[in-house]
Amino acid sequence: MQTQSKTFWEHDYDQAVLERAKTERKFVLLDVFNPG
Amino acid sequence: MTYPQDLVKETITAHAIPVQIDNSKSENYHVLHTIHHIWTPDIRIMHTDGYELYRWDGFLPPFEYAARLQCGFGLAYLRLKRFDEAERCYLDVLHRFSTSYAAPEAQYYLGVTRYRRDPHSDELLNQWANLRSRYPTSEYRVKQSFKDLPE
């Protein structure tokens, strides 16, 4: 089980994240987890 | 735990915006369906155009995770023809994570990266010769084996 960090992770894979990644010339890293 | 390790966090933030998705929450089901999610942890490196550039499933401890991630970023840059950045990722894997499971992949694609950047160079064969000698039992050695290499 992986721990969520409140400050490190975004939690919505949305247009805002994509735009930010585009501006910073970065990728988006998706981590799909199960809390159980 | 994988993520609290600074090694992993630094690798992530150098190249990506990190997004964590809880697959038990119904508001995430649409995204999970879109990416054909089936198992956790499910790691994807996504381009800003929405296309997936690298992926893997399953737990890895921090050392292996950081190595795999750096390889993933390498391939992501390579597929975008950002050859210098790809090269840096692969060299980093071979320098810091040479004993990792991801290292043979890095060795293989270092040759591909340099060849694609300059098709007239000998680097594909040079790096694949390194692959043959350093990782002789790896899957990537098998992938390279169609090509005869000078002794």
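The preceding data block contains the structure.
Below or above, wherever it landed, is the structure these notes cover. (Residues numbered from 1 in each chain as written. Chains lettered and ligands numbered in written order. Predicted model: local features only at pLDDT ≥ 70, side-chain atom pairs only at ≥ 80, totals over all residues. Heavy atoms only, no water.)

1. A look at the environment of Pro104 of chain B
All names here are of chain B.
Here's step 1: Here Pro104 is to be found in helix H5 (residues 103-117).
Here's step 2: With 24 residues separating them in the primary sequence, Pro104 and Trp128 have C-alpha atoms 9.8 Å apart.
Here's step 3: Residues in contact with Pro104, not counting those within four places in the same chain, are Leu131, Tyr135, Ser138 and Tyr140. (Helix = DSSP H or I, 4+ residues; strand = E, 2+ residues; numbered from the N terminus. Contact = heavy atoms within 4.5 Å.)

2. Some remarks on the packing of aromatic side chains
Here's step 1: Inspection of the entire model under this criterion finds twelve aromatic pairs over all chains.
Here's step 2: For the ring pair Phe27 of chain A and Phe73 of chain B, a centre distance of 6.1 Å and an interplane angle of 15 degrees mean the geometry is stacked. Note that Phe27 of chain A is positioned in strand E1 (residues 27-33) and Phe73 of chain B in helix H3 (residues 62-79), a pairing that runs across two chains.
Here's step 3: Judged by its relative accessible area of 1%, Phe27 of chain A falls in the buried class.
Here's step 4: With relative accessibility at 0%, the residue Phe73 of chain B sits in the buried group.
Here's step 5: Through a chain of ring-to-ring contacts, the aromatic side chains of Tyr90, Tyr108, Tyr109, Trp128, Tyr140 and Phe146 of chain B assemble into a single cluster.
Here's step 6: The ring of Phe8 of chain A has Lys9 of chain B sitting right over it, with the charged end atom 5.0 Å from the ring centre.
Here's step 7: Directly above the aromatic system of Tyr140 of chain B lies the positively charged group of Lys143 of chain B, at a separation of 5.3 Å from the ring centroid. (Phe/Tyr/Trp six-rings, centres within 6.5 Å; stacked < 30°, edge-to-face > 60°. Buried < 20%, exposed > 50% of the residue type's maximum accessible area, 1.4 Å probe, protein only. Lys NZ or Arg CZ within 6 Å of the ring centre and 35° of its normal.)

3. Notes on the pattern of salt bridges
Residue and element names in this part refer to chain B.
Here's step 1: With the rule as written, the count across this model stands at 15 salt bridges over all chains.
Here's step 2: Of the charged contacts, one joins Arg55 and Asp42 as a salt bridge, the two residues approaching to 3.3 Å between their closest N and O atoms. Taken together, the residues span a long stretch of sequence, with Arg55 in strand E3 (residues 52-57) and Asp42 in strand E2 (residues 42-46) at a distance of 13 residues.
Here's step 3: Residues joined by salt bridges that share partners form a network here, namely Asp42, Arg44, Glu52, Arg55 and Asp57. (Salt bridge = Lys/Arg side-chain N within 4 Å of Asp/Glu carboxyl O.)

4. A short note on helix H1 (residues 6-15) of chain B
Here's step 1: Burial in H1 of chain B covers these residues: Val8, Thr11, Ile12 and His15 of chain B. Seen from one end, H1 of chain B has its buried residues packed into an arc of 95 degrees, which puts them on one side. Of the exposed residues in H1 of chain B, those oriented more than 90 degrees away from the buried face are Asp6 and Glu10 of chain B.
Here's step 2: Summarising the contacts, the buried residues of H1 of chain B are in contact with E1 of chain A together with strand E1 (16-22), H3 and helix H4 (83-96) of chain B. (Arc of directions from axis to C-beta.)

5. Comments concerning unusual backbone geometry
All names here are of chain B.
Here's step 1: Here the amide bond leading from Thr40 into Pro41 is cis, since omega sits at -15 degrees, within 30 degrees of zero.
Here's step 2: By the element assignment, Pro41 lies in the loop between helix H2 (29-34) and E2.
Here's step 3: Its identity as a non-glycine residue notwithstanding, His36 has a phi of 55 degrees, on the positive side.
Here's step 4: Note on placement: His36 falls in the loop between H2 and E2.
Here's step 5: Accessibility expressed as a relative area gives 64% for His36, which makes it exposed.

The analysis is restricted to geometry; functional conclusions fall outside its scope.
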